[in-house]
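What follows is the residue order along each chain.
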Amino acid sequence: VITMVGSKEKAPAWSREQLKLAFHLYCQLPFGKLHSRNPEIIELAGVIGRTPGALAMKLVNFASLDPAITGSGRVGLAGASRLDREIWSEFSADWDGLTLECDRLRRQLGAAPTVDEADEQLVPQDYSGETRRVIAEQRIRQSFFRRAVLSSYGGRCCMSGVTEPQLLVASHIVPWSRDKANRLNPSNGLCLSALHDRAFDKGLISVADDYRVLVSARLLRSGNEFVVSTFARLEGMQIELPERFQPNPKFLARHRTEVFAG
């Protein structure tokens, strides 16, 4: 319902579902693309019955709550509501459940799923029933995490600077299997090239609390020219930090303790 205030129309308050979908999109777009001309913002605005300008403004409201944005000297729009803060907190407490809920909401409203072009989303046709549902939900999770992490890092490997999308991986700091609650938390991710992701996953490299790269003694002692030129030179180098969802020091500490070979 739209009410009249003087000679101007006042849009109805944002619903919890609209805000969930807005925050879901906020997580997957680079900060520099939170504007009303962005096709994804235009598409979602039409689906939820808001103007692109209003949705873009709401996304920048969310940015004002993001410590990685405000801590870098940038600011979002003031005026984030109590409900905006509640939605931020809800996602932080249940990334997995709310990612799936937002995908269902988008489909119910007739919106296309947010899909990363480099991420295969098709579910094999020879699967059906429960198996097909599980695979589909896994792809939804993977797509959200990949888009959120890669957009935060500007589509660049934080160690090598590689920008080719097909060579980039949204790498989990704490492995997927070891922390279900933070599987989809973008602060549990690093944007790495496929090679650096493999080394990180195998504990051959890690990241210190000050965001400097740690290289295992095994690699440092390697006589292989490629290994030396690719990894040994990274020792002590600070990674490129993301514009949002900065790596959580607790997750980095767990990687060093549980995965890193030292």
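Residues numbered from 1 in each chain as written. Predicted model: local features only at pLDDT ≥ 70, side-chain atom pairs only at ≥ 80, totals over all residues. Heavy atoms only, no water.

Could you clarify how one ought to interpret the overall build of the protein chain in this entry?
Secondary structure summary: the protein chain contains eleven helices and six strands in total. With 262 residues in all, the protein chain has 48% of them scored as buried. In the protein chain, the proportion of contacts linking residues at least 24 apart, taken out of those at least 6 apart, comes to 64%. As displayed, the protein chain has an accessible area near 13,100 Å², and 53% of this comes from carbon and sulfur atoms. (Helix = DSSP H or I, 4+ residues; strand = E, 2+ residues; numbered from the N terminus. Buried < 20%, exposed > 50% of the residue type's maximum accessible area, 1.4 Å probe, protein only. Contact = heavy atoms within 4.5 Å. Areas by Shrake-Rupley, 256 points an atom, 1.4 Å probe, with all protein chains shown as cover.)

Help me understand the packing of helix α1 (residues 16–26) against helix α3 (residues 52–63), please; the structure alone is not making it clear to me.
The description of two packed helices rests on the angle between their axes and on the distance between the axes. Two numbers describe how α1 lies on α3: the axes approach to 10 Å, and their chain directions differ by 70 degrees. Regarding the angle of α1 to α3, the classification is roughly perpendicular. For α1 against α3, the interelement crossing comes out right-handed. Mapping the contact onto sequence places Leu19, Ala22, Phe23 and Tyr26 in α1 and Leu55, Lys58, Leu59, Phe62 and Ala63 in α3. (Axes fitted to C-alpha atoms, helices over the stretch in contact; angles between N-to-C directions. Parallel < 35°, antiparallel > 145°, perpendicular 65-115°, else oblique. Left-handed = near helix turned anticlockwise from the far one by under 90°.)

Got a minute to help me understand the nonpolar core in this structure?
Buried together is how nonpolar side chains tend to be arranged in soluble globular proteins. By size, the foremost hydrophobic cluster in this structure holds 63 residues, and its most contacted members are Phe23, Tyr26, Leu55, Met159 and Leu190. Once residues lying within four places of it in the same chain are set aside, the contact partners of Phe23 are Phe62, Ile87, Trp88, Phe91 and Trp95. (Core = buried A, V, L, I, M, F, W, Y, C linked by side-chain atoms within 4.5 Å.)

Quick question: what am I supposed to make of the confidence of the model for the protein chain here?
One rule of thumb: low pLDDT means the predicted coordinates there are not for detailed reading. With 84% of its residues at a pLDDT of at least 70, the protein chain reaches an overall mean of 86. Considering only residues more than four positions removed or in separate chains, one finds that residues 1–7, a stretch of pLDDT under 50, has nine contacts. Counted against residues more than four places away or in other chains, residues 116–124, with its pLDDT under 50, gives 21 contacts. (pLDDT = per-residue confidence, 0-100.)

Would you explain the pattern of salt bridges in this entry?
By the definition in use, this model includes 15 salt bridges. As a salt-bridge pair, Arg16 and Glu86 come within 3.0 Å of each other at their nearest N and O atoms. Here Arg16 is found in helix α1, whereas its partner Glu86 is found in helix α5 (residues 82–93), with 70 residues between them in sequence. Here Arg82 ties to Glu86 by a salt bridge, and the two come within 2.3 Å at their closest N and O atoms. Of this pair, Arg82 and Glu86 are both found in helix α5, four residues apart, which corresponds to roughly one turn of the helix. The class of Arg82 is exposed, set by a relative accessible area of 61%. Through salt bridges that share partners, Arg16, Arg82, Glu86 and Glu90 make up one connected network. (Salt bridge = Lys/Arg side-chain N within 4 Å of Asp/Glu carboxyl O.)

Help me understand the state of the cysteines in this model?
Each disulfide consists of a covalent bond between the sulfur atoms of two cysteine residues. Here the structure, examined in full by the defined rule, presents zero disulfides. There is no disulfide at Cys157, and the cysteine sulfur nearest it, in Cys158, is 5.4 Å away. By relative accessible area, Cys157 is classed as buried at 0%. With no disulfide partner, Cys191 has as its closest neighbouring cysteine sulfur the one in Cys157, 6.3 Å distant. Classification of Cys191 as buried rests on a relative accessible area of 0%. (Disulfide = S-S within 2.5 Å.)

Can you walk me through the packing of aromatic side chains in this structure?
Each aromatic ring pair is specified by the distance between its two centres and by the angle formed by the two planes. One pass over the full model with this rule turns up ten aromatic pairs. The interplanar angle of 45 degrees and the centroid separation of 6.2 Å between the aromatic rings of Tyr26 and Phe62 together place this pair among those described as tilted. With Tyr26 in helix α1 and Phe62 in helix α3, this residue pair connects regions lying 36 residues apart in the sequence. Taken as a pair, Tyr26 and Phe62 share a single burial class, namely buried. For the pair Tyr26 and Trp88, a centre-to-centre distance of 6.2 Å together with 50 degrees between the ring planes defines the contact as tilted. In this pair, Tyr26 sits in helix α1 while Trp88 sits in helix α5, placing the two residues 62 residues apart along the sequence. (Phe/Tyr/Trp six-rings, centres within 6.5 Å; stacked < 30°, edge-to-face > 60°.)

Help me understand the packing of α1 against helix α2 (residues 39–48), please; the structure alone is not making it clear to me.
In the contact formed by α1 and α2, the axes pass within 11 Å of each other and the chain directions differ by 170 degrees. By the angle between their directions, the pair α1 and α2 is classed as roughly antiparallel. Listed contacts from α2 to Gln18, Leu21, Ala22 and Leu25 of α1 are Glu40, Ile41, Leu44 and Ile48.

It is not clear to me how α2 should be interpreted in this structure. Could you clarify?
In an α-helix there are 3.6 residues to a turn, and that puts residues three or four apart on one side. Restricting attention to buried positions, one finds in α2 the residues Ile41, Leu44, Ala45 and Ile48. Take α2 and look down its axis: the buried residues cluster within an arc of 105 degrees, on one side only. Exposed and oriented more than 90 degrees from the buried face of α2 are Pro39 and Gly46. Summarising the contacts, the buried residues of α2 are in contact with α1, α3 and α6 (95–108). The residue sitting at the N-terminus of α2 and contributing the capping side-chain oxygen is Asn38; that oxygen lies 2.8 Å from the backbone nitrogen of Glu40. After α2 finishes, the residue Gly49 shows a positive phi value of roughly 75 degrees. (Arc of directions from axis to C-beta. Polar contact = N/O pair within 3.5 Å; in protein donor to acceptor, adjacent residues only side chain to side chain.)

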